[in-house]
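Inside the fold
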Amino acid sequence: MSQKIWTDADALIEHQMIGDDPVMTSIVAANKAAGLPAIDVSPAQGRLLEVLVRTSGAKRILEIGTLGGYSTVWMARALPEDGRIVTMEMEPLHAATAKANFERAGVAGKIDLRLGAAIASLEALAAENPAPFDMIFIDADKPNNQPYIDYAHRLGRKGGLVICDNVIRNGDIVGASNSDPNVTGARDALATMGQRNRFVATAIQTVGSKGYDGFAIGVIA
Ligand code: SAH
Ligand code: DHB
Ligand code: MG
């Protein structure tokens, strides 16, 4: 089994289950034109985020790691009219590209983009005493997964959904020898969401057009 068959199978999923999506296609093109890295979620994963928003009935979503807003738009389109997303991004170019994409997708009114390092943005957000979030998607710098998950626990409601991307990293998390901070950050995510007094969680390994990786998913206990 190889990357080619995973990509081909994702193409089949996209053809059979997602279909032409001109808005999403234009966002991918805009991100590429701006020189953003192609590390957004895949279309199949974007649809999963949509399914999770719909099935949970989430109205308040927190995202850490916006990039060009591809994942943000998948979630925003799934929200009811009065739903809102706070999304956090450190790179001004990524944030500006995302804002243009939110306008293009017609969801700008639902999205509050906070520019800056996410730890500082999360601390500022916490100081605002926001209503609890129903869903938190963590997809930023992996070495900070543990503090991000701690903030998710603090800012999310009991029963709220927490998803943390990229926790398998081509299987590099296995064994203790790999000290790449992205890999240790992935292990931190499993350990932190694995704290059973705080979360009921698991992790699912995935293959597809974005390679072999996985996500942790759980609810706040
Ligand atoms: N969720 C996006 C992909 C995010 S990629 C999608 O699926 O479409 C990770 C993003 O996190 C990048 O844009 C990167 O600039 C941002 N990032 C990295 N470190 C950060 C930090 N400390 N604070 C906020 N954003 C950060
Ligand atoms: C990387 C980051 C991501 O969020 C992702 O989904 C894939 C790759 C990265 O930093 O390489
Ligand atoms: Mg990711």
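Residues numbered from 1 in each chain as written. Chains lettered and ligands numbered in written order. Predicted model: local features only at pLDDT ≥ 70, side-chain atom pairs only at ≥ 80, totals over all residues. Heavy atoms only, no water.

Our focus in this paragraph is the site of ligand 2. If you check the shell around ligand 2, you find Ile39, Asp139, Lys142, Asp165, Asn166 and Arg169 and nothing else. Here an oxygen atom of ligand 2 sits 3.3 Å away from a polar atom, N or O, in the main chain of Ile39. One of the side-chain nitrogen or oxygen atoms of Asp165 is found 3.3 Å away from an oxygen atom of ligand 2. With the chains in place, 66% of the 300 Å² that ligand 2 exposes on its own is no longer accessible. Looking at the shell around ligand 2 residue by residue, the class counts come to 1 nonpolar, 1 polar and 4 charged. (Near = heavy atom within 4 Å. Polar contact = N/O pair within 3.5 Å; in protein donor to acceptor, adjacent residues only side chain to side chain. Areas by Shrake-Rupley, 256 points an atom, 1.4 Å probe, with all protein chains shown as cover. Nonpolar A, V, L, I, M, F, W, Y, C, P; charged D, E, K, R; others polar.)

Close to ligand 1 lie 21 residues, the nearest being Val41, Gly65, Glu89, His94 and Ala118. Measuring from a nitrogen atom of ligand 1, one finds a backbone N or O atom of Ala118 at 2.9 Å. Of the residues that constitute the shell around ligand 1, the class distribution is 10 nonpolar, 5 polar and 6 charged.

A few words now on the coordination of the magnesium ion (ligand 3). Coordination of the magnesium ion (ligand 3) by the protein comes from Asp139 (OD), Asp165 (OD) and Asn166 (OD1), over a distance range of 2.0 to 2.2 Å. For the magnesium ion (ligand 3), the donor residues sit on a single chain with the sequence spacing D-x25-D-N. In this pair, Asp139 is assigned in the loop between strand S4 (133–138) and helix H7 (145–155) and Asn166 in the loop between strand S5 (156–165) and helix H8 (181–193), connecting sequence segments 27 residues apart. Under the relative-accessibility criterion, Asp139 is labelled buried at 12%. Here Asn166 falls in the buried class, since its relative accessible area comes to 17%. (Donors = N, O, S within 2.8 Å, 3.2 Å for Na, K, Ca; no water. Helix = DSSP H or I, 4+ residues; strand = E, 2+ residues; numbered from the N terminus. Buried < 20%, exposed > 50% of the residue type's maximum accessible area, 1.4 Å probe, protein only.)

Val53, Ile61, Met75, Met135 and Ile163 are the most contacted members of the largest nonpolar core, which has 30 residues in total. The set of elements that each furnish at least two residues to this core consists of helix H2 (22–33), helix H3 (43–56), helix H4 (70–78), helix H5 (92–105), strand S3 (111–115), S4, S5 and strand S7 (211–220). Looking at this core, the element that brings in the most residues is H4, giving 6 residues. Residues Ile64, Leu155, Val162 and Ile220 belong to the second largest nonpolar core, which totals 28 residues. (Core = buried A, V, L, I, M, F, W, Y, C linked by side-chain atoms within 4.5 Å.)

What follows covers the environment of Leu161. By the element assignment, Leu161 lies in strand S5. Residue class for Leu161 comes out buried when judged on its relative accessible area of 12%. Separated by 41 residues in sequence, Leu161 and Thr202 place their C-alpha atoms 12 Å apart. Among residues more than four places away in sequence, those in contact with Leu161 are Leu52, Asp134, Met135, Ile136, Ile217, Gly218 and Val219. (Contact = heavy atoms within 4.5 Å.)

Our next topic: helix H6 (residues 118–127). All of the buried residues along H6 are Ala118, Ser121, Leu122, Leu125 and Ala126. End-on, the buried residues of H6 take up no more than an arc of 135°, which puts them together on one face. For H6, the exposed residues set more than 90 degrees away from the buried face come down to Ala120 and Ala127. Residues of H6 that are buried in the fold lie against strand S1 (60–64), strand S2 (84–89), S3, S4 and H7. Among the residues trailing H6, Asn129 stands out with phi positive, at a value near 50°. (Arc of directions from axis to C-beta.)

Once that is clear, we can look at the side chain of Arg198. Its location among the elements puts Arg198 in the loop between H8 and strand S6 (199–208). The exposure class of Arg198 is buried, given its relative accessible area of 17%. Engagement of the side chain of Arg198 in a polar contact is seen with the side chain of Gln195, the distance being 2.7 Å. Ignoring sequence-local partners within four residues, the contact set of Arg198 consists of Asp150, His153, Thr192, Val219, Ile220 and Ala221.

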